[in-house]
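Each chain, letter by letter, is given below.
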Amino acid sequence: MADFGGDLEAFRAEARGWLQANFPASLRRGAPTGADPEASETPTEDQELWRRRIGEKGWGTPTWPTEHGGGGLTAAQARVLQTEMARIGAPNPIGGMGVGMFGPTLLEYGNDEQLRRHIPPIVKGELRWCQGFSEPNAGSDLASLQTRAEDMGDHFLVNGQKIWTSGAHLADWCFCLVRTDPKAKKHEGISFLLIDMHSPGVEPRPIRLINDTTPFCETFFTNVKVPKENLVGPLNGGWTIAKRLLQFERQGIGSPARVGQAGPGVLAGPPIETLAKSYVGVDDEGRLMDADLRARLTSHLMESKAHALTGERIALEAKSNRGPTAASSIMKNAGTLLRKEKAELAVEILGHQGLGWSGEDFTEGEINAMRVMLRSKSGTIAGGSQEVQNNIIAKRILGLPDTTHST
Ligand SMILES: Cc1cc2nc3c(=O)[nH]c(=O)nc-3n(C[C@H](O)[C@H](O)[C@H](O)COP(=O)(O)OP(=O)(O)OC[C@H]3O[C@@H](n4cnc5c(N)ncnc54)[C@H](O)[C@@H]3O)c2cc1C
């Protein structure tokens, strides 16, 4: 990449030129990105072409190091690129847990061989990753996990069960927490292991949700052989790596962009205030007819704005480039509550039309609004529940006394 010497306008011109030449026009605005780890749709030819091109360029992971295929851009350049892509409606097809959670963690903790092997396919969007942390008896109290990895000399033998493994049925790899020392204190006997999901003995069983999708699985491991080189960091040192990964996860879940997108259908269409005016109607002065709804909607919009501005401030203040901190728990709680509120407001605004499940009486957007609303509730649990984030905020940010061992 050319060195722009901090000249962002020169970089903007370069980015525009490259996008003009490489982004297929057929994908402008509204096209599915294929980046959702839970999505199973087959990409179109142009989507595939776009993924390959941006993957080769490294701009799907713009700030990752060039030596592993990333874009090597500064945070400021990456923001310019993002603006330019948004301007022409170009989605980033490189995403999922590999980009948002595992990749940044591996860049901090992986050895050279692991980086050479695993980062380039993530940069190019070639492989999907899933997260094997939670178990039936280990959620908030994650360190109680029991999935065992026994040292067999030249490999580990893994046995146990994970649950709520998002996208496990579609994933190629799993970053997994396993117990490698059952006798040690519970936080000190855990390791961070990479498991090939195509290995014999791995069996993901999809779980159907209230909104009629099957985004996550129970995942069973029965005598799964895992090569020793798949251990990340020290043996029994997985807890520190897991905590770091959770910060990346919470940063992603709580990002203002997620609140803005808030799912498919109605919520990804016109702004919610426009939706309200068209479904609920306006008074003579052009104000939303229902005064109570107007007040609640205004309050929601103000909080969303404050959340977005806080997100921008955090990004600008992160000059040290050390990534997320415990503050990601604040953004996670605020962001997921806003998403939930927005989805509930949308269903309320649609009135009867918001209660449709299927059929010709409802538009696709109206049907999706209900499904998005049901799904939106899970955000306050995934990645660590609301209450557990409050514990982290109390302990690590406010310095209050703590008696729990939450992650
Ligand atoms: C949509 C979705 C996707 C997910 N994807 C994944 C995934 O890909 N991989 C993965 O490993 N896991 C995944 N999870 C699991 C998620 O991390 C857990 O659900 C979460 O950590 C909570 O654990 P639990 O469900 O066992 O609830 P529990 O830990 O049993 O908690 C039950 C209730 O008790 C409260 N509680 C528990 N401990 C405390 C405490 N110390 N103080 C106060 N309150 C407490 C909780 O807040 C909660 O309200 C996903 C979950 C969801 C909803």
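Note that this is a predicted model, so its numbers are computed, not measured.

Caption draft 1: Structural context of the side chain of Q247. In this fold, Q247 is placed in helix 6 (residues 238–253). Under the relative-accessibility criterion, Q247 is labelled buried at 17%. Polar side-chain contacts of Q247 include one of 2.6 Å to the side chain of R244. Each residue touching Q247, except ones within four places of it in the same chain, is listed here: P324, T325, A326 and S328.

Caption draft 2: Representation of the site of the ligand within the structure. Taken together, 19 residues form the shell around the ligand, and within it S134, S140, W164, S385 and E387 come nearest. Measuring from an oxygen atom of the ligand, one finds a backbone N or O atom of F133 at 3.0 Å. Here an oxygen atom of the ligand sits 2.6 Å away from a polar atom, N or O, in the side chain of S140. Alone, the ligand offers 970 Å² of accessible surface; in the complex the protein occludes 68% of this. Elements that contribute at least two residues to the shell around the ligand include exactly strand 3 (155–166) and helix 12 (386–397). Residue contributions to the shell around the ligand peak at three residues, all from strand 3.

Caption draft 3: Local environment of the packing of helix 4 (residues 96–109) against helix 6. The N-to-C vectors of helix 4 and helix 6 enclose an angle of 135 degrees; their axes lie 8 Å apart at closest approach. Comparing their axes, helix 6 and helix 4 come out oblique. For the crossing formed where helix 4 meets helix 6, the hand is right-handed. Every residue of helix 6 that contacts helix 4 at G100, M101, F102, P104, T105, E108 and Y109 is listed here: T240, I241, R244, L245, F248 and E249. Its residues assigned to classes, the contact of helix 4 with helix 6 shows seven nonpolar, three polar and three charged.

Caption draft 4: Structural context of the pattern of salt bridges. Evaluation of the coordinates by the stated rule reveals 17 salt bridges. As a salt-bridge pair, R296 and E348 come within 2.6 Å of each other at their nearest N and O atoms. Of this pair, R296 sits in helix 9 (residues 291–317) while E348 is found in helix 10 (residues 328–350), placing the two residues 52 residues apart along the sequence. Since its relative accessible area comes to 33%, R296 is described here as partly exposed. What makes E348 partly exposed here is its relative accessible area of 38%. Two residues, E344 and K377, come together in a salt bridge whose shortest N-O distance is 2.8 Å. Of the two residues, E344 is situated in helix 10 and K377 in the loop between helix 11 (364–376) and helix 12; the sequence distance between them amounts to 33 residues. The exposure class assigned to E344 is partly exposed, which follows from its relative accessible area of 33%.

Caption draft 5: Layout of the pairing of strand 1 (residues 129–132). Residues W129 and Q131 of strand 1 are buried on one face, and the alternating residues C130 and G132, pointing to the opposite face, are buried as well. With four bridges joining them, strand 1 and strand 4 (residues 173–179) adopt parallel strand pairing. Pairing of W129 across the sheet is with W173, part of strand 4.

Caption draft 6: Expanded view of unusual backbone geometry. Unusually for a residue other than glycine, W164 sits at a positive phi of about 60 degrees. With respect to the element layout, W164 can be found in strand 3. Notably, N223 is not glycine yet its phi reads approximately 50 degrees, a positive angle. Considering the arrangement of structural elements, one finds N223 in strand 7 (residues 216–227). The exposure class assigned to N223 is partly exposed, which follows from its relative accessible area of 47%.

Caption draft 7: Region of the structure containing the pairing of strand 3. Examined bridge by bridge, strand 2 (residues 148–151) and strand 3 share four bridges and lie antiparallel to one another. Paired with R148 across the bridge in strand 3 is N159. Here strand 2 hands over to strand 3 after three residues, with G153 in that stretch at a positive phi of 95 degrees. Pairing of strand 3 with strand 7 involves nine bridges; the strand directions are antiparallel. Considered in strand 7, the bridge of F156 is made with V226.

Caption draft 8: Highlighting the nonpolar core. Grouped together as the largest cluster of nonpolar side chains are 44 residues, with contacts concentrated most on W50, F133, F175 and F192. Every residue in contact with F192, bar those within four places of it in the chain, is listed here: F102, F133, F175, C176, L177, N230, L231, V232, G238, I241, A242 and L245. In terms of nonpolar packing, the next biggest core, distinct from the first, is built from 18 residues, V158, V178, V202 and F221 among them.

Caption draft 9: Representation of helix 2 (residues 45–57) within the structure. Taking 1.5 Å per residue, 13 residues should reach 18 Å; helix 2 reaches 18 Å between its end C-alpha atoms and fits that length. Q47, W50, R51, I54 and G55 are the residues of helix 2 that are buried. Projected down its long axis, helix 2 carries its buried residues within an arc of 125 degrees, all on one side. Of the exposed residues in helix 2, those oriented more than 90 degrees away from the buried face are E45 and E56. Of the residues one or two after helix 2, G58 is the one with positive phi, at around 85 degrees.

Caption draft 10: Highlighting the packing of aromatic side chains. In the structure shown here, the tally under the stated rule is twelve aromatic pairs. Considering the side-chain rings of W18 and W50, the 5.9 Å spacing of their centres and the 40 degrees angle between planes classify their relative orientation as tilted. With W18 in helix 1 (residues 8–22) and W50 in helix 2, this pair connects stretches of sequence that are 32 residues apart. You can call W18 buried: its relative accessible area is 13%. Here W50 falls in the buried class, since its relative accessible area comes to 1%. Here the aromatic rings of W129 and W173 are separated by 5.5 Å at their centres, their planes lie at 25 degrees, and the arrangement is stacked. You can see W129 sitting in strand 1 and its partner W173 sitting in strand 4, a full 44 residues away along the chain. In this structure an aromatic cluster arises from ring pairing among F102, W129, F133, W173, F175 and F192. If you follow R205 out to its NZ or CZ, it ends over the ring of F220, 4.1 Å from the centre. A cation over a ring is seen here: K228 above F156, with NZ or CZ 5.5 Å from the ring centre.

How each quantity is defined
- Residues numbered from 1 in each chain as written.
- Predicted model: local features only at pLDDT ≥ 70, side-chain atom pairs only at ≥ 80, totals over all residues.
- Heavy atoms only, no water.
- Helix = DSSP H or I, 4+ residues; strand = E, 2+ residues; numbered from the N terminus.
- Buried < 20%, exposed > 50% of the residue type's maximum accessible area, 1.4 Å probe, protein only.
- Polar contact = N/O pair within 3.5 Å; in protein donor to acceptor, adjacent residues only side chain to side chain.
- Contact = heavy atoms within 4.5 Å.
- Near = heavy atom within 4 Å.
- Areas by Shrake-Rupley, 256 points an atom, 1.4 Å probe, with all protein chains shown as cover.
- Axes fitted to C-alpha atoms, helices over the stretch in contact; angles between N-to-C directions.
- Parallel < 35°, antiparallel > 145°, perpendicular 65-115°, else oblique.
- Left-handed = near helix turned anticlockwise from the far one by under 90°.
- Nonpolar A, V, L, I, M, F, W, Y, C, P; charged D, E, K, R; others polar.
- Salt bridge = Lys/Arg side-chain N within 4 Å of Asp/Glu carboxyl O.
- Pairing = 2+ DSSP bridges.
- Core = buried A, V, L, I, M, F, W, Y, C linked by side-chain atoms within 4.5 Å.
- Expected span 1.5 Å × (residues − 1).
- Arc of directions from axis to C-beta.
- Phe/Tyr/Trp six-rings, centres within 6.5 Å; stacked < 30°, edge-to-face > 60°.
- Lys NZ or Arg CZ within 6 Å of the ring centre and 35° of its normal.

Honestly, that's just the spatial picture; any functional story needs more than this.
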